[in-house]
Amino acid sequence: MFRKIAALAAPAAVALLLFAAVASAHVTVSPAQSSTGAWETYTLKVPSEKESATVQVDLRIPAGAEFKQYEATPGWEVTVDGNKVSWIAKDGGIQAGQFQRFYFTAKNPDSAGDIAWDAYQHYADGSLVQWSGEAGSESPHSITAIAEASGSADGGHGHGAADMSGSGTMTMDEHQAIVDNEGASTGTSPMLYITLGISLVSFLLAAIALLRGRTE
């Protein structure tokens, strides 16, 4: 009986694992929440999903936001053209099975609301993946919810941001704070929980049907 239940549950488990793998492979910008007018240090996380290496990433700064500074990344050149910021690999780029984080500072819009980060991932084989779709699409863009800022004594800088205006670089403590903040603010997609729930319900129904069949 256990083997029959396992056989029934296997397809649901495989589907869940595949969904989780795809969901975690998106190009993302974090944090997912910030405040109006804040100078926020954002993290652009780029995984390489193909056998070919990722050699360039273009990011469009949302309307109302202002790109300010970026942290230099070894092996990458950065260019700024209007609202487009590009990270271009000097060497091999991001290989299959790897990901790269890029850090930059932007001033948030003065009005509350959601801002969308459209990203364009270029591979060495000439292919392009456009992360500019709506939530739920195959290639969604990241969304940051900008909330009305409450009064603070930090001069309008985001509490999660590192102010690099003085030296142009970040200390190790500031860098670690950004990584910790990214881990805390990057939530799991609700679709993953929905898929998990469906898989569990399917498994239970299959098990109940099997047990009923044996008793009848």
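So, a few notes on the structure that sits alongside this text. Here the structure is a predicted model, which means the values were calculated and not measured.

1. A closer look at the overall build of the protein
1) Next: Along the protein, the regular secondary structure elements total 3 helices and 11 strands.
2) Next: In sequence order, the protein lays out its α and β elements as α-β-β-β-β-β-β-β-β-β-β-β-α-α.
3) Next: Looking at the protein as a whole, 35% of its 216 residues qualify as buried.
4) Next: Across the protein, every contact between residues at least 6 apart in sequence was considered, and the portion connecting residues at least 24 apart equals 72%.
5) Next: With an accessible surface of roughly 12,300 Å², the protein has 57% of that area assigned to carbon and sulfur atoms.

2. Focus: the nonpolar core
The tendency in soluble globular proteins is for nonpolar side chains to be buried as a group.
1) Next: Of all hydrophobic cores here, the largest spans 26 residues; its most connected members are Y42, L44, L59, I61, W87, F104 and W117.
2) Next: Those elements that provide at least two residues to this core are β3 (39-47), β4 (54-60), β6 (76-81), β7 (84-89), β8 (99-107), β9 (113-123) and β10 (128-131).
3) Next: Examining the composition of this core, we find that 4 residues originate from one element, β9, more than from any other.
4) Next: Contacts of W87, omitting those with residues within four sequence positions, involve L44, V55, Q56, V57, L59, W76, E77, V78, F102 and F104.

3. Points about the environment of Q121
1) Next: Along the chain, the position of Q121 falls in strand β9.
2) Next: Contacts of Q121, omitting those with residues within four sequence positions, involve V27, V46, P47, S48, E49, T54, Q56, S127, L128, V129 and W131.
3) Next: Only 3.3 Å separates the side chain of Q121 from the side chain of Y123, close enough to count as a polar contact.
4) Next: A polar contact is formed between the side chain of Q121 and the side chain of W131, at a distance of 3.0 Å.

4. Considerations on the pairing of β3
1) Next: β3 sits mainly inside the fold: 7 of its 9 residues count as buried.
2) Next: The pairing of strand β1 (residues 28-30) with β3 spans 3 bridges and is antiparallel. Bridge pairing links T28 to K45 in β3.

5. Quick word on the pattern of salt bridges
1) Next: Counted according to the given criterion, the structure contains 2 salt bridges.
2) Next: A salt bridge links E66 to K68, with the shortest nitrogen-to-oxygen separation between them at 3.2 Å.
3) Next: For E66, a relative accessible area of 39% gives the class partly exposed.
4) Next: In this structure K68 comes out as partly exposed when scored by relative accessible area, which is 32%.
5) Next: Notably, a salt bridge pairs D110 with K107, separated by 3.1 Å at the nearest N-O pair.
6) Next: Residue classification places D110 among the exposed positions, given a relative accessible area of 57%.

6. As for unusual backbone geometry
1) Next: In this model, S30 is joined to P31 through a cis peptide bond whose omega is 10°.
2) Next: Tracing the backbone through its elements, the reader meets P31 in the loop between β1 and β2 (33-35).

7. Observations regarding the packing of aromatic side chains
1) Next: Taken as a whole, this structure holds 7 aromatic pairs when the rule is applied.
2) Next: An aromatic cluster of three or more residues is present, and its members are Y42, F67, W76, W87, F102, F104 and W117.
3) Next: Looking at K45, its charged tip hangs above the ring of F99, at a distance of 4.5 Å from the centre.
4) Next: Between the NZ or CZ atom of K50 and the centre of the ring of Y123, over which it lies, the distance is 4.9 Å.

8. Quick word on the sheet that holds β1
1) Next: The 4 strands are arranged β1-β3-β8-β5 in an open sheet whose pairing can be described as antiparallel. In the strand order of this sheet, the two ends are held by β1 and β5 (66-70), each with one partner. The mean inter-strand angle of the sheet, taken between neighbouring strand axes irrespective of direction, is 35°.
2) Next: Where β5 meets β8, 4 bridges bridge the pair, whose relative direction is antiparallel. Each bridged residue has a counterpart across the sheet, and for E66 the counterpart in β8 is K107.

9. Some words on the pairing of β6
1) Next: The pairing of β6 with β7 spans 6 bridges and is antiparallel. Paired with T79 across the two strands is S86, which belongs to β7.
2) Next: The antiparallel hairpin formed by β6 and β7 contains 2 residues in its connecting segment, where G82 sits at a positive phi of about 65°.

Rules and cut-offs
Residues numbered from 1 in each chain as written. Predicted model: local features only at pLDDT ≥ 70, side-chain atom pairs only at ≥ 80, totals over all residues. Heavy atoms only, no water. Helix = DSSP H or I, 4+ residues; strand = E, 2+ residues; numbered from the N terminus. Buried < 20%, exposed > 50% of the residue type's maximum accessible area, 1.4 Å probe, protein only. Contact = heavy atoms within 4.5 Å. Areas by Shrake-Rupley, 256 points an atom, 1.4 Å probe, with all protein chains shown as cover. Core = buried A, V, L, I, M, F, W, Y, C linked by side-chain atoms within 4.5 Å. Polar contact = N/O pair within 3.5 Å; in protein donor to acceptor, adjacent residues only side chain to side chain. Pairing = 2+ DSSP bridges. Salt bridge = Lys/Arg side-chain N within 4 Å of Asp/Glu carboxyl O. Phe/Tyr/Trp six-rings, centres within 6.5 Å; stacked < 30°, edge-to-face > 60°. Lys NZ or Arg CZ within 6 Å of the ring centre and 35° of its normal. Axes fitted to C-alpha atoms, helices over the stretch in contact; angles between N-to-C directions.

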